[in-house]
Amino acid sequence: MARQDWKSAFGAATPSQDLETQLAGQLLVAMPSLRDPNFAGSVIVLCAHSAGGAMGLILNHSIPRLTFEELLKQVGVEPLPPQRSIRLVNGGPVEESRGFVLHSGEWKAEGSLPIEGGYALTANLDILKAIASGGGPRQGLLALGYAGWGAGQLESEIARNDWLSVPADDDLLFGGEDATRWRRALAKLHIDPLLLSGEAGHA
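We now turn to the structure provided with this report. This structure is a prediction, so every number in the text was calculated from the model and none was measured. (Residues numbered from 1 in each chain as written. Predicted model: local features only at pLDDT ≥ 70, side-chain atom pairs only at ≥ 80, totals over all residues. Heavy atoms only, no water.)

### Side note on the overall build of the chain
In terms of helices and strands, the chain carries five helices and nine strands. Reading the secondary structure of the chain in the N-to-C direction produces β-β-β-α-β-β-β-β-α-β-α-β-α-α. Residue burial in the chain is summarised as follows: out of 203 residues, 50% are buried. Sequence-distant contacts in the chain: of pairs separated by 6 or more residues, those separated by 24 or more amount to 70%. When the accessible surface of the chain is totalled, it reaches about 9000 Å², and 50% of it is carbon and sulfur. (Helix = DSSP H or I, 4+ residues; strand = E, 2+ residues; numbered from the N terminus. Buried < 20%, exposed > 50% of the residue type's maximum accessible area, 1.4 Å probe, protein only. Contact = heavy atoms within 4.5 Å. Areas by Shrake-Rupley, 256 points an atom, 1.4 Å probe, with all protein chains shown as cover.)

### Observations concerning unusual backbone geometry
In this chain, Glu78 is followed by Pro79 through a cis amide linkage whose omega measures 5°. Of note, the bond from Leu80 into Pro81 is cis; its omega dihedral lies within 30 degrees of zero at -5°. Structurally, Pro81 is set in the loop between helix H1 (68-75) and strand S4 (87-90). Of note, the phi angle at Asn161 is positive, near 70°, even though the residue is not glycine. Relative to the helices and strands, Asn161 is located in the loop between helix H3 (153-159) and strand S9 (163-167). The residue His190 is not glycine, and still its phi comes out positive at about 60°. If you trace the backbone, His190 turns up in the segment after helix H5 (178-188).

Laid out in structure tokens, this is it:
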């Protein structure tokens, strides 16, 4: 992802804040048959889901050419260097210039969106300032962009066997390497990726 000005990426309302939760808090794990380059091999946390649509963040698409400190410089957040950092991911192909912090739910700010399972989504500079100062939520990651589905679109993809669903946990959201996240999510379902068939399956 090219360098750009992320100043406008924070402070706007979190998308889909009015959505009810159905699969919210679950992880979507891409089936091998899903060939869309935006989502192949991806693990997505669903932040909001209702009959009107869905919104989520891809968890395992890293951004190797941008660091947390570099992003803080661009948005004017201090101190620098930060007292702590969180990892950055490309959260999806929609609005890639917008930033969202997925984090543990014990910390909240105005506008934070609660997510099933004890998590939250925040899209303002306050959370970046708190993390840079050594505070903020216990765990978190920063996603640039998000994945979005219109009414009925995600349900159609699930029925087409594009996705498996698995409950989220701290390790799959925040722990380990991005390169192993897809296999670790399948392992939670006791699935060997080499043995995957075209049949749908859900946790």
